[in-house]
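Residues per chain, in single letters:
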Amino acid sequence: MLSRDRAADIFERIRKHSTADEVEVLVYGGRSALTRFANNIIHQNVAEENYGVSVRTVFGGRTARATTNKFDADSLRRVVDTSESLAKVQHPDPDLLPMPGQSEDVRATQAVPSRHFEQTAKVTPELRAEGVKRIVSIATRHKLTAAGIFSASESVEGIFNSRGLSDWHTQTSAEVSVTMLADDSSGWQKANCPDVNQLDAGNLAEIAARKAVESAKPHEIPAGKYTVILEPAAVLDMVGFMFFDFGGLSILDQRSFLNNRVGKQIFGSNIEIWDDVAHPLQSGTPFDGEGVPRQRVHLVENGIVKRLVYARATAEKMKHSEHKDKVGPVASTGHGFPLPNELGEAPMNIVFGAPANPKTVDQMIASTERGVLVTRLWYIREVDPYEKILTGMTRDGTFYVENGKVQYGIRNFRFNESLLHMLSHVEAMGTPVRASGEESFDMVVPPMKITDFNFTEVTKF
């Protein structure tokens, strides 16, 4: 693995080549390996190790970035020359701030737990194959066909600049995704964690297999508005579509569904949302694309959006805008992306608050007279960005619930649903867990029971 000392040496070599007013270097990369299986056999093993440096230079308010994955002297000289040549032909950016220095590096009040685990870094192809063997044995026992992945990685991310800023983060990650296929049904489970010992491939496979078996010979019920019980993966893939709107620049650009809604009740009073990189179930770097520490931000309180997140330049721009008195506290929160960019910032460590009386999925089912249990959603697309109306389909385990019991599997639905409506009709929630889906980044979210969820069409499978 690339060490912090070697990365610091690369930065010093780059700095010596540069004639710019300021220089910033992002160092990133790592090694990853993946075992892929389908039809109950392993059919692919791949591994990669790669590192890159991204160089940003500044000349009088003009900035640009260039990237390379070669660290020899000629390659580093070329990437500096490219960045400088590009910067010199840019128009000056009036909002560009001087790079932050180490003296401005005020640490977050919470310590971020280590996210590097030796066990994960040392996962071998044999260990991954053993996990797949367990999955396939469960599929065979249930007369199903298994497909999915088992992956592990070790990564680094660092930032250095000519004003003395220096920060570094190492992390491991392991992931298991399992799909169980039957003749006319399927089941799915997925989990991701920095610590491979927290992943139980056999348990994931058993749940996926049970869903495939119990949803066999699916019934068709009419589309309409139902009480739904969304498992955490389904919740994650829905709510993930709104968090880029919590950035200050999206408000300034008038492209956020929160325009004219900050400080107003737009969700149910039981909805609490934080961005918290230090949460024990979260992962990721504790600093943003400029090296500013990520702060814990209470985004939604009692269903009211109280705060946005900001990169440094966006915060300064907001303070002088017509919106400054309408968006809550305005200050850099350490959520910016590497410059230059058009996105500004976004919260990427979402944590939903735990309800006062959490309910398990089984308890939600038991309290439901008539409804639908959803394992996950897919092919989600945004229909109306301001009302946050989404469309998509259920998949891999959709069940009809009646009189407090799961009755049978049903054909999948297409839905058209507003996140504003959905999060205003949450009847019950469970304990938030680290969840993985397919349409959004990992979050800490609960299962939810929601009334009047709008299913518009029945699929043929």
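Predicted model, so just to flag it, every value in this text is computed and none were measured.

Student: Any details on the domain arrangement of the protein chain? Residues and values, ideally.
Tutor: Here the domain parsing of the protein chain yields domain 1 (4-207) and domain 2 (218-461). A C-alpha centroid distance of 25 Å is found between domain 1 and domain 2. In this complex, domain 1 contributes 40 residues to the contact, which on the side of domain 2 involves 38 residues. Across the domain 1 to domain 2 interface the summed buried area is about 2900 Å²; carbon plus sulfur atoms make up 54%.

Student: So what's going on with helix 6 (residues 232-239)? Residues and values would help.
Tutor: Each turn of an α-helix holds 3.6 residues, which means side chains three or four residues apart point in the same direction. Counting buried positions along helix 6 yields eight of eight residues, so the element is predominantly enclosed. Buried within helix 6 are the following residues: Pro232, Ala233, Ala234, Val235, Leu236, Asp237, Met238 and Val239.

Student: How would you explain the packing of aromatic side chains if you had to name every residue and give the values?
Tutor: Geometry of an aromatic ring pair is reported as the spacing of the ring centres plus the angle between the planes. Counted under the stated rule, the structure contains twelve aromatic pairs. With centroids separated by 5.7 Å and ring planes inclined at 85°, the aromatic side chains of Trp378 and Tyr379 adopt a geometry described as edge-to-face. Judged by centre distance (4.4 Å) and plane angle (20°), the rings of Phe413 and Phe455 are stacked. One end of the pair, Phe413, is in strand 15 (residues 413-418); the other, Phe455, is in strand 19 (residues 448-458), with 42 residues separating them in the sequence. Note on accessibility: Phe413 and Phe455 belong to one class, buried. Cluster of aromatic residues (ring-pair linked, three or more members): Tyr226, Phe413, Phe415, Phe453 and Phe455. A cation sits over an aromatic face here: Arg376 above Trp188, 4.6 Å from the ring centre.

Student: So what about the nonpolar core? Which residues, and what values?
Tutor: Core analysis: the largest hydrophobic core is formed by 59 residues, its most contacted members being Val239, Met242, Phe243, Phe267 and Met422. Non-local contacts of Phe243, meaning those with residues more than four positions away in its chain, are made with Ile273, Ala346, Pro347, Ile350, Phe352, Phe441 and Met443. Ranked by size, the runner-up nonpolar core spans 25 residues in total, among them Leu144, Ala146, Ala205 and Ala208.

Student: Please provide a residue-by-residue account of the side chain of His169, values included.
Tutor: Assignment of secondary structure puts His169 in strand 5 (residues 166-181). Here the side chain of His169 touches Gln171 through a polar contact of 3.1 Å, side chain to side chain.

Student: Can you lay out the confidence of the model for the protein chain for me, pointing to particular residues and giving the numbers?
Tutor: With 98% of its residues at a pLDDT of 70 or more, the protein chain shows a mean pLDDT of 96. Counting interchain partners and residues more than four positions distant, the pLDDT-below-50 stretch residues 104-109 has 14 contacts.

Student: Describe in detail helix 4 (residues 125-141), supporting the description with residues and values.
Tutor: Between the first and last C-alpha of helix 4 there are 24 Å, a value that for 17 residues agrees with the 24 Å anticipated at 1.5 Å per step. Three or more residues of helix 4 are buried, namely Arg128, Gly131, Val132, Ile135, Val136, Ile138 and Ala139. Seen from one end, helix 4 has its buried residues packed into an arc of 155°, which puts them on one side. Projecting away from the buried face of helix 4 at angles above 90 degrees are the exposed residues Glu126, Lys133 and Arg141. Lining the buried residues of helix 4 we find strand 1 (22-38), strand 2 (41-59), strand 4 (145-161), strand 5 and helix 5 (201-214). Lys143 sits one or two positions beyond helix 4 and adopts a positive phi of about 60°.

Here is what the cut-offs are and how they apply
Residues numbered from 1 in each chain as written. Predicted model: local features only at pLDDT ≥ 70, side-chain atom pairs only at ≥ 80, totals over all residues. Heavy atoms only, no water. Domains from an automatic or database assignment. Contact = heavy atoms within 4.5 Å. Buried area = accessible area lost by both parts, 1.4 Å probe. Buried < 20%, exposed > 50% of the residue type's maximum accessible area, 1.4 Å probe, protein only. Helix = DSSP H or I, 4+ residues; strand = E, 2+ residues; numbered from the N terminus. Phe/Tyr/Trp six-rings, centres within 6.5 Å; stacked < 30°, edge-to-face > 60°. Lys NZ or Arg CZ within 6 Å of the ring centre and 35° of its normal. Core = buried A, V, L, I, M, F, W, Y, C linked by side-chain atoms within 4.5 Å. Polar contact = N/O pair within 3.5 Å; in protein donor to acceptor, adjacent residues only side chain to side chain. pLDDT = per-residue confidence, 0-100. Expected span 1.5 Å × (residues − 1). Arc of directions from axis to C-beta.

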